[in-house]
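# Topology and contacts: notes
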Amino acid sequence: MTVDRIVVDVVGLALIGFIVWFFWLKKTKGVRAPLTSAGYQEQMVLVKGGYTPDVIVVEAGKPVRLNFVRQESASCSEMVLLPDFNKSAKLPEGETVPVEFLPKQPGEYEFACQMGMLRGKLIVE
Amino acid sequence: MVKDPVCGMEIEEGKAYARREHGGQTFYFCSPKCEATFAADPPKYAGERPRGHGQHIPSATTGVREGVAGPRRVEMPVFGLTCDKCVQAVEKALRGVPGVKKATVNLANARAFIDYDPATVGVPALERAIRDAGYRTEGAKARFGIEGITCASCVTTIESALRDTPGVLNASVNVGTEEAVVEYLPSVADFPAIKAAVGSAGYKVVEAPAPASPDAADKEARAREREYRSLMRKWWFGAAVGVFTMIMSYPWLFPVLRDWFPRESPQLWYIWAGMGVAALAVLAYSGNQFFIGACQALKHRSANMHTLIALGTGVAWIYSTIALLFPQIFPASEFTEVYYDVTVVVTALVVLGLAMELRAKGRTSEAIKKLIGLQAKTARIIREEKELDIPVEEVLVGDVVVVRPGEKIPVDGELIEGSSAVDESMVTGESLPVEKKVGDEVIGATINKTGAFKFRATKVGKDTALANIIRMVQDAQGSKVPVQRIVDVVSGYFTPGVAILAILGFMIWYTFGPEPRIAFALIVAVTTLIIACPCALGMATPMSLTTGVGLGALNGILIRGGDALQTAQQLQTIILDKTGTITHGKPVLTDAVVTGGFREEEVLRLAGGVEKSSEHPLAAAIVEGAKARGHSLPDAETFDAIPGHGIEARIEGRTLLLGNLKLMRDRKIPLDGLEAKATALADNGKTPMYVVIDGRPAGIVAVADTLKEDSKEAIRSLKDMGVEVVMITGDNERTAKAIARQVGIERVLAEVLPQDKAFNVQKLQLEGKSVAMVGDGINDAPALAQADVGFAIGTGTDVAIAASDITLIKGSLRGVVLAIHISRATMRNVYQNLFGAFIYNIFGLPIALGVLYPFFGILLSPLLAALAMSFSSVTVITNANRLKRWKPPAI
């Protein structure tokens, strides 16, 4: 084995390790949705290449309102789905679209775009 | 010269027909007609209230509160007025309110005209006075959002602005929800007036978001179109540069160019350098969404299709640029080839794929667009005895709406005058027009065919059947088919996994591959990144689900979500509730048997006449039946109900006995051959009743709940599909069996109490079957919820039935068959898509990695990979769209 091969392989393995760590071993603490005077746990979510914040922590048994604002034109993200709550919304570019639901059971629920490329997580405590 | 305030004619004061004082002014009239018109509604003509609709609020339009200018006059509708005495009572009650200057009540148009001092008294107090006097004023309620409420003090400002608006009875604003609830008199104020009042306080009304308006759909279509055009521009730019780069990357393949640009010549280097700049331009313009998307995703530590494309094209460009600028770092000249063509053509092809995808996607949600497009835009209503055309959003519950032939019915309601045939196909899927008479329900968005009629609005805005349907369809389209969850797990690992595969491929080709190793390794890595298509995988099920749910909605079947859709295709047993599901749920007169020389006409006429006095549900059936056969029914002279037995009555001077066998036995009536006939009728599921006239048996009238016309065929279709059909009913075994025999059901669960239905569903489930229950959604709610799939038979406008998974808007069993067909077709489509997407990736990735190279010497070009990837996602969407052309099989 020549030196260049060894270098390429070592760099390659390092990159793979990095990918595994970067994409799969991430731990996001998430953002706790504050309780507003309306009695909702409200959170603005920016939709642009992903959801910001993408992990939202809420309490069970209190209504949740997620306000999505989509600031891109790529058709990928034009819908947001919360399949566990049977909710979905079209997100016209630049408009704030509220999605309301009541999480009853604690657990982790996903929200995602229609193709599942952009994902976010709702942690119900 | 003076002006007649009514007709506007110029007249001489002396020659005027009449003169009237009003509000300190003198008015002159040209004719008795004008005077009478004025007398009916003085403020309208006295200039106190501008003419026309929606402008009678000086406070909002002028910014000056009316109260400042002195006493105010309000006109309130008063309900329950029947006599002059009532008028006086109301007037007295009103005059008793401090601050009221003058109060007159007009009996004819049921209105109170009140002059009052707004400084001392408000409209709510007046309303209370009328109510205390024992009469009603009717207010409408409107709820709407208000923009820009930031503090509690805004609330008072808005509330007082609203309360100062004539006609507003009460207003409350919630700072938390930024919503206002306003109670108002629709005859005095209207929605624009309320809006203007909020505007005068410095805030803006945001209308309650309609579930989906045609505008929103238009906007979406426009946004799509814009996106499509921008993608097409990007594609043409990429394609133009692409052709040039493709040719100039391999000039030695072309006869003339070969001589002009030989390998390693300086002129070729310059051309390539130019290509590098052009490729960078393509990346920056045509491919910008990939890089932006990739960066955004990286920020979230996630990867998607954009990441892969950006990596693939980016790596190719960087490698080429290094090879071009620093050829000396490479050991041999064959390494220094450039791959700008890969960068440009891949970008262009993927962009083209996105554009085609967008086009195809636009068609997927056509069903919802069709539904939204059904909404009427205006309604013709009657207010203050005038017909007005108003936007459909402003129709209030209780408004009387006028519909002419050929017009669209704007909202849901109950017919109060006239009759017509209505085409309800757009909502229920029923192709024949439905006859409507007074008391019948009409559904908004359906089309009136033949007659003109008036109806009272019962559901408006977001409560209408259509709005509910749209909302349900939208929610269902956003739900997930259970198989999707597997896909979700896969796609969570997919993109980073592909990146890892690409690196592995690079390492293996670099370590063990043939020379030029780095070129092969690079091609393999780039091809792998590009061929992987997470899109096809991600879109496989949602696209079909959207189409399938839409397909159901257009056929009068509302599917609540992906779960129901997936379960419905594998149903083994269907339990049908008898009453209201297989049958109409309403008894009708079916048979009249006569004996002993009595005529049928006589028996029916007398029996019908007697039953007119009865409240028994079966009695109504006999009355209706006798009337339908053209008999006019006499009134009974005396009437005695014998509970559990029947009735005894005198009619037209004859005694009549009508009842069951027990009654006949008690009275010792000789029945002769009648008893056998009665048994035969009972065996057919009918309820026979003996008729005895003047002590002699005259005949039998039989009443039965009749089958719906298409129940039999629908049940046969279900059986043909291999589904076991079970009937459940609270009726006795004999009736149940008779009905079951008629429709061809073998298994009957009879004498089941309503509360035990759910338990019976569970029993069947324990046989290891997946069970559906079809019922009416109210009595059968627990059973519907217990079943794997609950079908609710809808009744007109009540479509949002909570317990059901699938609602059949048209109350026919055919809907169940159709729903199963649709779910099977949709799930087949889903599996096709999933299979395609998985197979594509499973074969595509290894080929891109060069698995075939050692055996066949085949290595995929990145350009082909880009083509394949674009094609695969377009295929998935096209296949989903194919589902739209699915036609219900003949049932």
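First, a word on what this report is: a plain description of the structure on this page. (Residues numbered from 1 in each chain as written. Chains lettered and ligands numbered in written order. Predicted model: local features only at pLDDT ≥ 70, side-chain atom pairs only at ≥ 80, totals over all residues. Heavy atoms only, no water.)

Moving on, we get to the overall build of chain B. The helix and strand inventory of chain B stands at 32 helices and 33 strands. Counting all 891 residues of chain B, 54% fall into the buried class. Long-range contacts, defined here as pairs at least 24 residues apart, represent 66% of the contacts in chain B between residues at least 6 apart. As displayed, chain B offers around 38600 Å² of accessible surface, 57% of which is attributable to carbon and sulfur atoms. (Helix = DSSP H or I, 4+ residues; strand = E, 2+ residues; numbered from the N terminus. Buried < 20%, exposed > 50% of the residue type's maximum accessible area, 1.4 Å probe, protein only. Contact = heavy atoms within 4.5 Å. Areas by Shrake-Rupley, 256 points an atom, 1.4 Å probe, with all protein chains shown as cover.)

Now for the sheet that holds strand β29 (residues 724–728) of chain B. Residue and element names in this part refer to chain B. Reading across from one edge, β21-β33-β32-β31-β22-β29-β30 is the order of the 7 strands in this open sheet, with mixed pairing throughout. Where the open sheet ends on each side, the last strands, each with one partner, are β21 (557–559) and β30 (747–749). Recorded for the sheet is a direction-independent mean angle of 20° between the axes of neighbouring strands. Summarising the sheet, β21 and strand β33 (residues 806–808) pair through 3 bridges and their orientation is antiparallel. Bridged to Leu558 within β33 is Thr807. (Pairing = 2+ DSSP bridges. Axes fitted to C-alpha atoms, helices over the stretch in contact; angles between N-to-C directions.)

So, on to the sheet that holds strand β3 (residues 51–52) of chain A. One key point about sheets: their strands pair by backbone hydrogen bonds, in either a parallel or an antiparallel sense. All names here are of chain A. Taken together, the 4 strands give an open sheet; going across it, the order is β3-β2-β5-β8, and neighbouring strands pair in mixed fashion. Lying at the two open borders of the sheet, with one neighbouring strand each, are β3 and β8 (96–101). Sheet analysis places strand β5 (residues 64–70) next to β8, joined by 6 bridges and oriented antiparallel. The partner of Asn67 across the bridge, within β8, is Pro98.

Let's shift gears to the side chain of Ser870 of chain B. Residues and elements named next belong to chain B. You can see Ser870 is positioned in helix α32 (residues 862–882). Relative accessible area serves as the criterion here: at 10%, Ser870 is assigned to the buried category. When near neighbours in sequence (up to four residues on either side) are disregarded, Ser870 contacts Leu349, Val350 and Gly353.

Taken together, the contact pairs 47 residues of chain B with 44 residues of chain A. Between chain B and chain A the total buried area reaches about 4200 Å² when both faces are included, carbon and sulfur atoms providing 57% of it. Together, His300, Arg301 and Met507 of chain B form the three largest contributors to the area buried by chain B at its contact with chain A, with a combined 17%. The tally of links from chain B across to chain A stands at 1 salt bridge. One salt bridge connects Arg517 of chain B with Asp4 of chain A, and the closest N-O pair in it is separated by 3.2 Å. Listed by contribution, the elements that provide at least two residues to the side of chain B that touches chain A are α8 (214–249), α11 (288–299), α13 (340–364), α16 (465–477), α17 (484–512) and α19 (534–554) of chain B. Broken down by element, the residue count for the side of chain B that touches chain A peaks at 15 residues, all from α17 of chain B. (Buried area = accessible area lost by both parts, 1.4 Å probe. Salt bridge = Lys/Arg side-chain N within 4 Å of Asp/Glu carboxyl O.)

Take a nonpolar patch on the surface next. A contiguous nonpolar surface patch, about 680 Å² in accessible area, is contributed by Val3, Val7, Val11, Leu15, Phe18, Trp21 and Leu25 of chain A. Within the secondary structure layout, Val3 of chain A lies in helix α1 (residues 3–24). (Patch = residues over 30% accessible without salt bridge, like charges linked within 9 Å, V, L, I, M, F, W, Y side chains within 5 Å.)

Right, let's get into the pairing of strand β12 (residues 378–383) of chain B. Residue and element names in this part refer to chain B. In terms of strand pairing, β12 meets strand β13 (residues 386–391) through 6 bridges, oriented antiparallel. Across the sheet, the residue bridging to Arg383 is Lys386, located in β13. Sheet topology note: the β12/strand β14 (residues 400–403) ladder contains 3 bridges and is antiparallel. What sits directly across from Ile381, in β14, is Val401.

Take the pairing of strand β7 (residues 87–90) of chain A next. Residues and elements named next belong to chain A. Inspection of the sheet shows strand β6 (residues 79–82) paired to β7 by 4 bridges, in the antiparallel sense. When the bridges of β7 are listed, Val80 appears paired with Ala89. Turn length for the β6-β7 hairpin, with the two strands adjacent in sequence and antiparallel, is 4 residues, and the turn residue Asn86 shows positive phi of about 55°.

What helix α14 (residues 366–374) of chain B keeps buried is the set Ala367, Ile368, Leu371, Ile372 and Leu374 of chain B. For α14 of chain B, the angular spread of the buried residues around the axis is 150°, confining them to a single face. (Arc of directions from axis to C-beta.)

Residue and element names in this part refer to chain B. Those residues of helix α7 (residues 191–200) that fall on the buried side of the exposure criterion are Phe191, Ala193, Ile194, Ala197 and Val198. Burial along α7 is one-sided: seen end-on, the buried residues are contained in an arc of 160°. Positive backbone phi, approximately 95°, marks Gly202, located one or two places after α7.

Okay, the environment of Arg380 of chain B next. Residue and element names in this part refer to chain B. Secondary-structure assignment places Arg380 in strand β12. Residue classification places Arg380 among the buried residues on the basis of a relative accessible area of 16%. Note: C-alpha distance between Arg380 and Arg404 (24 residues apart in sequence) is 9.5 Å. The contacts of Arg380, once residues within four sequence positions are left out, are Glu387, Leu388, Asp389, Val400, Val401, Val402, Arg404 and Glu407.

All names here are of chain B. Even without a glycine there, the phi angle at Glu652 is positive, about 50°. Counting through the fold element by element, Glu652 comes out in the loop between β25 (646–651) and β26 (654–659). Classification of Glu652 as partly exposed rests on a relative accessible area of 38%. Phi at Asp694 takes a positive value of approximately 50°, unusual for a residue other than glycine. Within the secondary structure, Asp694 is located in the loop between β27 (687–693) and β28 (696–707).

Turning our eyes to something else, we now look at the nonpolar core. Counting 159 residues, the largest nonpolar core has Phe68 and Leu122 of chain A together with Ile574, Phe791 and Ile806 of chain B as the members making the most contacts within it. Broken down by element, the residue count for this core peaks at 15 residues, all from helix α30 (residues 814–849) of chain B. Met76, Ala112, Tyr116 and Val123 of chain B belong to the second-largest nonpolar core, a separate cluster that totals 22 residues. (Core = buried A, V, L, I, M, F, W, Y, C linked by side-chain atoms within 4.5 Å.)

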